[in-house]
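Chain by chain, the residues:
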Amino acid sequence: MTEKLTNAQIAWRAAQDIADGAYVNLGIGFPEMVAKFQPPGRQAVFHTENGVLNFGESPPEGEEDWDLINAGKKAITLKPGAAFFHHADSFAMVRGGHLDVAILGAYEVAENGDLANWSTGPKGVPAVGGAMDLVHGAKRVAVITDHVTKDGRPKLVKRCGLPLTGVGCVTRVYTSLAVVDIESQRFVLREKLPKLSLDVLQAVTGAELLVDGTIGDLIVPEV
């Protein structure tokens, strides 16, 4: 099995499901790419935990204003109507249920919706941080990730073995091979790469993939 989506293509697919006008928080790193691929005619309002709402694309290299950064310490621009606010107010937005979508990365996602995305063990980062608030504050939590680890182990598993970020919080996973929903504590396959057989996909997934109706083709442009 050699064919798989790039990170940019996974981000593109996730962006297609963001509604116009949605308030969205993108996790640090890979999930930030989702902002590049908003469909024509739709405009999400992006939130960052350090206190900015409605920020825009990264500025050209050399034109950064380092007083304008996101939670990942990357330079941003501002769109008309952008707002600044205190860190505590930012988390009040998160905890108050005012975000429509959070899109995060993952080390593991369990079939019951549990998410592990902050620590790989004792030598990891010291604390879970704002992700813990996001997964239980946003109305919808999606994950974008490679389907397997660098050494080929499944990232979609029956139960997470790593420290949890949230319990029963994930509802959809966009991977390098498939789009999988989590319903009634089970993985439900919605889309897969057209040339990938169900048997091969199941072999690299750590829990049963249920099929409920037609499986769509996961077709993504070169981006």
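Right above here is the structure, for reference.
Just so it is clear, the structure is predicted and the values come from calculations on it, not from any experiment.

Moving on: the overall build of the protein chain. Along the backbone of the protein chain there are 4 helices and 13 strands. Relative to the compact-globule value of 17 Å for 223 residues, the protein chain shows a C-alpha radius of gyration of 17 Å, a close match. Each of the three principal axes of the protein chain carries a C-alpha extent, and together these read 50 × 40 × 30 Å. The burial tally for the protein chain puts 49% of its 223 residues in the buried class. Looking at the protein chain alone, contacts between residues at least 24 apart form 64% of all its contacts between residues at least 6 apart.

Considering soluble globular proteins, one finds that nonpolar side chains tend to be buried as a cluster. Counting 56 residues, the largest nonpolar core has Val34, Ile103, Val109, Leu115 and Val170 as its most contacted members. The dominant element in this core, judged by the number of residues it contributes, is helix 1 (residues 7-15), at 5 residues. Setting aside residues no more than four positions away along its own chain, valine 109 makes contact with Asp114, Leu115, Val143, Lys155, Leu156, Val157, Cys160, Val170, Val173, Ile182 and Phe187.

Moving on, we come to the sheet that holds strand 8 (residues 140-145). Reading across from one edge, 4-3-2-1-5-8-10-11-12-13 is the order of the 10 strands in this open sheet, with mixed pairing throughout. Two strands lie at the open edges of the sheet, namely strand 4 (78-84) and strand 13 (209-217), each paired on one side alone. Adjacent strand axes in the sheet meet at a mean angle of 25°, parallel and antiparallel pairs treated alike. Across 3 bridges, the pairing between strand 1 (residues 23-26) and strand 2 (residues 45-48) is parallel. In the sheet register, asparagine 25 faces strand 2, and the bridge partner there is histidine 47.

Analysis parameters
Every chain's residues receive numbers from 1 upward, in the order its sequence appears when written. The predicted nature of this model means local features are confined to residues of pLDDT at least 70 and side-chain atom pairs, given and counted, to a pLDDT of 80 or more, with totals for whole chains, interfaces and linings taken over all residues. Only heavy atoms go into the side-chain values, all of them from the structure, while hydrogens and water stay out. Helix numbers and strand numbers start at the N terminus; a helix is a DSSP run of H or I with at least 4 residues, a strand a run of E with at least 2. All radius of gyration figures rest on C-alpha atoms, and the globule criterion is 2.2 Å times the number of residues raised to 0.38. Here the term buried applies to any residue with accessible area under 20% of the maximum for its type, exposed to any over 50%, and partly exposed to those in between, with areas from a 1.4 Å probe on protein chains only. Any two residues whose heavy atoms approach within 4.5 Å at even a single point are treated as in contact. We call a set of buried residues a nonpolar core when its members are Ala, Val, Leu, Ile, Met, Phe, Trp, Tyr or Cys and they connect through side-chain atoms within 4.5 Å of each other. Paired strands, in this sense, are two strands between which DSSP finds at least two bridges. Helix axes are fitted only over the stretch in contact, all axes being lines through C-alpha atoms; the angle between N-to-C directions runs from 0 to 180 degrees.

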